[in-house]
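A look at the structure
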Amino acid sequence: MSQALSLAFGVTLVSVGTINTAFAQSNATGTVYGTAASGSTLVLTNKETGFKRSVNLDNTGRFSLGALPVGSYSVQVVKDGKVVNSNPDVDVRIGQGTEISFADTVVVTGTQIAKKLDMTEMGSTTIFTAKELQRIPVANNVGAIIQLAPNTTSGDSRYGGSNAPSFGGSSASENAYYINGFPVTNALTQVGFSQLPFNSIAQAQVLTGGYGAEFGRSTGGVVNIITKSGSNEFKAGGGITWSPDTLRAASRNQYYADNGTALANKLYFYNQANTTDSVTTTGYFSGPIIKDKLFIYFSGERANTNFNGIRTGNTSATYTASASTQSSSWQEIATEIPRYLMKLDWNISDDHHLEYTRLADKYTSARKYYGFNYATLQNTNVQNGGQTYVNWGPTPVASQQGSEADIFKYTGYFTKDLTFTAVLGQTKSRHQQIPVGYNPALPQIFSDSTNEVPGLGPYAHPQTISGNLLIPGAVDKNKGLRFDVEYKLNQQHTLRAGLDKNTINSTAGSGVAGGFRWEYFKSSTPGALIDGKYAAANSVTTNNPYGALGYYAQQVYVNTMSTPSVDQTAQYIEDRWQVNDKLLLSLGLRNEGFNNKNGDGKSYINLPTQIAPRLGATFDALGNQTLKVFGSAGRYHVPLPTNVAVRAAGASLYTKQNFIYTGVDSNGQPTGLTSISPVYSSNNEYGQSKDPQSVAALNMKGNYQDELALGFEQAVNKGLNIGGKFTYRTLRSAIDDHCDDRPFQAWADRNGVNTANWEGYHCALFNPGIANSFMMDYGDGKGMRRVDLSAKDLGFDKVKRIYQALDLFAEHPFDGKFYGKVTYTLSRNYGNTEGQLLSDIGQADVSTTQAFDYPEFSRNALGLLPNHRKHQLKMFGYYQADPEWGFGANVALASGRPRNCIGNAPDAVGSTNPNAVTNYSGYGSAYFYCNGVASPRGSQGTLPYTMKLDLNVAYQPATLKGLTLKLDVFNVLNRQSVEVIEERYNSGTAVRALYSTPLSYTAPRAARISAYYDYKF
């Protein structure tokens, strides 16, 4: 089995000591370890909650205490009833080890003291505490925190930008997110995650690679959020944050590119009149319910944003598009996001701890649409519809992930060497789409004067909403549990094992607004067949005068409601082996299981055994913990979300029934009905799920990649840490859908199969680039049969996505005055697939994109991928000038995204050239050809650099302790850089008017004014 190595540079902790002790880490807790007087007792006390752990030391004096809640602790060494040594301030961070020693506490390097490094960290980890997040100018959301870490970029703006990040070249759907140890990743699409009140974050951990066997379900990155908890001290506070439009720069207008079309260089989106005002109010309280035993923390937040601006672009070279075309081009959006979090902590005893977390957020976006005149650049103030979205839209992936979560966690310290943890929880995300003026009791009416009975018309059309809507009752649920056990076998080996299971259920899909529609027709030819199946009205009746004239109504139901589910399971085992005083190894093995089911509960992809070895090592090169060499290697799998079943394996209802009628009511519905056909479906779509044998290839491989990394970190002196790391990632296997029927027809021809009654091939999931076996019914009366197709038969090369990166960093640890960190990444993201998404065209159908529908789409697809950024420079820090005044800065500079030209196929359908690339698919502009010439991926250059400078200043007056006044200014230089352009070259046979036109820019300069007050009782 091929493996990969993933290296990471960890966050430096202020720690002291002389000998490492191996330990296992957790995604929600931390560890302390070190050496003290032999024969003594070590007592560790949480300074806020009184939680205690103690351990009797043997003659070596070595200790390791794991699964500790994050926070600040004091440590005492007790011998013969007396405190012989102590450390009053020990910081425990998520997933990290803090070494404590009561012997030699420093290493002298020249005239300065070098703080020792955490020799247990082997992965690419960045940790931010609540205090750091208060001091750095950063938007109040988790996505902004992620962008501070190296090897991260904002995803395509059509997926959500920074809230849909790319880690290490992976697509935005390949990440995993946790709050207090429970997964909160978007269950439907895997893009995005549940949010929480920003001031309730105690620590945020961003892992960009090299994580151990306890982590899975990610080929991108992992984000862990640990929330604040109550303490023995009563505290309360609140605040308000205001981002006024008056302090916001004008948004940049979008113009059609200079592409030779009639609209070239004309105004596309008039953005400079857009306005945005936002206000966020927050509040919290915390304290003991029972001192030293039971604690509560509650935090609430409400964000209100009002946006007025352009909704749709100009489509006329003379700015004279019709009023109806521009009737909803302006919009007013009122967004409200209430969030809250409650945390209960119960110290049952010193050895048993129970916690409960309840969090909820709800994203409501109420939109009103108005006319806009591009000739006068004025809003008409005439409303024409609108929508209200709740945890949804305007597209599912771009939506905010509002949800509710309940999380229980138990930690038991059964002996000084044995620790057990259990997590049980659930999340629920409800989705709604409510158009303005929508009455769900009214069906849609389709008629015109030629199909209406004279004297009965004109028929009413009271349903103002056409097309399909999100189904009522749409919801995603995840119920999960996890068990972990850690056992310190001896001084050399710490063993850890665990298992977990998530059961995800979705109710998803769309249906006709109003439930169904009536379509009116008139058949002028006696004996004609309706839909080629049933006799027309004037052929079957003589006692209905309207029917005799050929008038009839067709009732149509369209619905894709589905209730898919996914069972995700995992088991892992890990040994942290302290080989000697310098070398620590982590030897892990993980198994992932993914069982994807359709709405009938039948599996269409079941991958129960996906083995993932994980290896890691750190080496104390100088023996004094000031120079660490480290590396990691591992295999990582990512699951398929439930949305795959909705699109590829879900139920589909598309039925018709024909009626003659004697009248029409005031709502446009026919009366006096007599059916002239049964209910029928041209494609046998009666609401049943697709046959699971037909929607996926047999014996598929999972979606996984291998990773390799090597690096070093050095504490040069007390004011400088430096490091470097090389990372190599390679995608080994992918899952997507395939729609080309030619290989199946060719197989039938080779094997003498009669295809006269074959209904065709309607797409199936498969592993691109390798041989696949399918089940197919050719309609010859022999039922399903196995069809084996080679990679050559299917026409695809092996999937390729390689990410290579060199990371360098320099860090100045906080010295009471100043903290700063600089990271530089030189990277290359190269291949023929982005992964589960297709940012080239903004397609958000996870693992069912058009990329592998037909092999012609892969011609010239090898090149620089959408998440490639050759250079990235990130700098952030803060300076505490005195107890009252503080200043912060955050700089991000990145190379632009690669550009593509994706056009029509160069050859005519039916070409006899064996190497011809034709539009057999019928998709049009979907090929890496530009004006008939090969245009390899990434060959059109890159977009301009993006550059952002954020600054802040905070004032905490000594005369009113607890008050903080702060001003943050984002994008100080107002660099509004192009993020995404339209890469499709053709529309029909002509050049697409939008080709190469910017679709989004980075946000303009904006200011945020904040006032917070904290009170300790």
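Looking up the chain in an unreviewed UniProt entry gives the name TonB-dependent receptor, with the organism given as Limnohabitans radicicola. As recorded by UniProt, the Sequence similarities (unreviewed entry) comment attached to the chain reads in full: "Belongs to the TonB-dependent receptor family." We quote the UniProt Subcellular location (unreviewed entry) comment for the chain here in full: "Cell outer membrane".

What the chain contains, in helices and strands, is 7 helices and 66 strands. Its C-alpha atoms give the chain a radius of gyration of 31 Å, within 12% of the compact-globule value 31 Å for 1017 residues. Principal-axis analysis of the C-alpha atoms gives the chain an extent of 110 × 70 × 55 Å. For the chain, with 1017 residues in total, the buried portion stands at 57%. In the chain, of all internal contacts separated by at least 6 residues, the share reaching a separation of at least 24 is 72%. Carbon and sulfur atoms provide 54% of the accessible area of the chain, an area that totals close to 39,100 Å². Considering the chain, the positive charge centre built from 85 side chains and the negative charge centre built from 78 side chains are found 3 Å apart.

Turning our attention to the state of the cysteines. Evaluated as defined, the whole model comprises 2 disulfides. Cys739 shares a disulfide with Cys763; S-S distance 2.0 Å. The sign of the S-S torsion, about 115 degrees, decides the handedness of the disulfide formed by Cys739 and Cys763: right-handed. Here Cys763 lies in the loop between α6 (742-750) and β50 (764-766) and Cys739 lies in the loop between β49 (736-738) and α6, a separation of 24 residues in the sequence. A sulfur-sulfur separation of 2.0 Å characterises the disulfide bridge that pairs Cys901 with Cys930. Disulfide Cys901 to Cys930: torsion about the S-S bond roughly 65 degrees, handedness right-handed. Here Cys901, found in the loop between β57 (885-894) and β58 (929-930), pairs with Cys930, found in strand β58; they are 29 residues apart in sequence, far enough to count as distant. With relative accessibility at 17%, the residue Cys930 sits in the buried group.

Turning our eyes to something else, we now look at the sheet that holds strand β13 (residues 176-179). With respect to topology, 5 strands assemble into an open sheet ordered β10-β15-β16-β13-β14, the strand pairing being mixed. Strands at the two margins of the open sheet, each flanked by one partner only, are β10 (124-129) and β14 (182-183). Sheet topology note: the β10/strand β15 (residues 201-209) ladder contains 6 bridges and is antiparallel. Looking across to β15, one finds that Thr125 is bridged to Leu207.

Moving on, we come to the nonpolar core. Formed by 36 residues in total, the largest nonpolar core has its most connected members in Tyr604, Ile605, Phe744, Leu765, Phe774 and Tyr778. With 4 residues, helix α5 (residues 643-649) is the largest single contributor of residues to this core. Counting residues in hydrophobic clusters, the runner-up holds 30 residues, among them Phe128, Ile136, Ala149 and Phe198.

As a further point, take the pattern of salt bridges. Pairing between side chains becomes possible if they bear opposite charge and their charged atoms approach one another. Taken as a whole and assessed by the stated rule, the structure comprises 41 salt bridges. Here Arg217 ties to Asp500 by a salt bridge, and the two come within 2.5 Å at their closest N and O atoms. Of this pair, Arg217 sits in the loop between β15 and β16 (222-227) while Asp500 sits in strand β32 (residues 493-507), and the two are 283 residues apart along the sequence. Neither residue differs from the other here; Arg217 and Asp500 are each classed as buried. Between Asp780 and Arg785 there is a salt bridge; the shortest N-O distance is 2.4 Å. In this structure Asp780 comes out as partly exposed when scored by relative accessible area, which is 25%. Judged by relative accessible area, Arg785 falls into the buried class, the value being 17%. Several salt bridges share partner residues, and in doing so they unite Glu214, Arg217, Arg482, Asp484, Arg496 and Asp500 into one network.

Strand order in the open sheet formed by 4 strands is β3-β2-β5-β6, with antiparallel pairing between adjacent strands. Looking at which strands have only one partner, the edges of the open sheet turn out to be β3 (52-56) and β6 (82-92). Going across the sheet, the axis of each strand differs from the next one's by a mean of 15 degrees, ignoring polarity. In terms of strand pairing, strand β2 (residues 41-46) meets strand β5 (residues 71-79) through 6 bridges, oriented antiparallel. From the neighbouring strand, Thr41 faces β5, where its bridge partner is Val78.

On to the packing of aromatic side chains, then. Each aromatic ring pair is characterised by the separation of its centres together with the angle its planes make. Within the structure shown, the criterion is met by 42 aromatic pairs. Between Tyr985 and Tyr995, the ring centres sit 5.0 Å apart and the planes meet at 80 degrees, which makes this aromatic pair edge-to-face. Of this pair, Tyr985 sits in the loop between β62 (978-981) and β63 (986-987) while Tyr995 sits in the loop between β64 (990-991) and β65 (998-1001), and the two are 10 residues apart along the sequence. Each residue in the set Phe128, Phe814, Tyr819, Phe876 and Tyr878 is aromatic and connected to the rest through ring pairs, giving one cluster. Over the ring of Tyr830 we find Arg828, and its NZ or CZ is 4.2 Å from the ring centre.

With respect to the helices and strands, Arg937 occurs in the loop between β59 (933-934) and β60 (946-955). Apart from residues lying up to four places away in sequence, Arg937 is in contact with Gly831, Asn832, Asp840, Asn860, Ala861, Leu862, Gly863, Leu864, Leu865, Pro866, Asn900 and Phe928.

Secondary-structure assignment places Asn538 in helix α3 (residues 537-540). Assessed through its relative accessible area of 16%, Asn538 is described here as buried.

Looking at the element boundaries, Gly547 is found in helix α4 (residues 545-548). What makes Gly547 buried here is its relative accessible area of 0%. Here the alpha-carbon distance between Gly547 and Phe659, two residues 112 residues apart in the chain, equals 8.9 Å.

What follows concerns a nonpolar patch on the surface. A surface patch of nonpolar side chains, about 470 Å² in accessible area, is lined by Ile240, Trp242, Leu247, Val279, Leu967 and Ile1009. Assignment of secondary structure puts Ile1009 in strand β66 (residues 1006-1016).

Turning our eyes to something else, we now look at the pairing of β10. The buried fraction of β10 is high, at 6 of 6 residues. Here β10 shows a buried face lined by Ser124, Thr126 and Phe128 and a second buried face lined by Thr125, Ile127 and Thr129.

This paragraph deals with unusual backbone geometry. A cis amide bond links Gly393 to the next residue, Pro394, at an omega of 10 degrees. Within the fold, Pro394 resides in the loop between β25 (378-390) and β26 (403-413). With an omega dihedral of 0 degrees, the bond running from Gly457 to Pro458 counts as a cis peptide bond. In this structure, Pro458 sits in the loop between β29 (444-446) and β30 (468-470). Even without glycine at this site, Asn151 takes up a positive phi of about 65 degrees. Tracing the chain through its elements places Asn151 in the loop between α2 (142-146) and β11 (152-153).

The rules we used
- Residues numbered from 1 in each chain as written.
- Predicted model: local features only at pLDDT ≥ 70, side-chain atom pairs only at ≥ 80, totals over all residues.
- Heavy atoms only, no water.
- UniProt positions renumbered as here; feature names shortened; annotations may be inferred.
- Helix = DSSP H or I, 4+ residues; strand = E, 2+ residues; numbered from the N terminus.
- Rg over C-alpha atoms; globule rule 2.2 N^0.38 Å.
- Buried < 20%, exposed > 50% of the residue type's maximum accessible area, 1.4 Å probe, protein only.
- Contact = heavy atoms within 4.5 Å.
- Areas by Shrake-Rupley, 256 points an atom, 1.4 Å probe, with all protein chains shown as cover.
- Lys, Arg positive; Asp, Glu negative; His and termini not counted.
- Charge placed at Lys NZ, Arg CZ, Asp CG, Glu CD.
- Disulfide = S-S within 2.5 Å.
- Pairing = 2+ DSSP bridges.
- Core = buried A, V, L, I, M, F, W, Y, C linked by side-chain atoms within 4.5 Å.
- Salt bridge = Lys/Arg side-chain N within 4 Å of Asp/Glu carboxyl O.
- Axes fitted to C-alpha atoms, helices over the stretch in contact; angles between N-to-C directions.
- Phe/Tyr/Trp six-rings, centres within 6.5 Å; stacked < 30°, edge-to-face > 60°.
- Lys NZ or Arg CZ within 6 Å of the ring centre and 35° of its normal.
- Patch = residues over 30% accessible without salt bridge, like charges linked within 9 Å, V, L, I, M, F, W, Y side chains within 5 Å.

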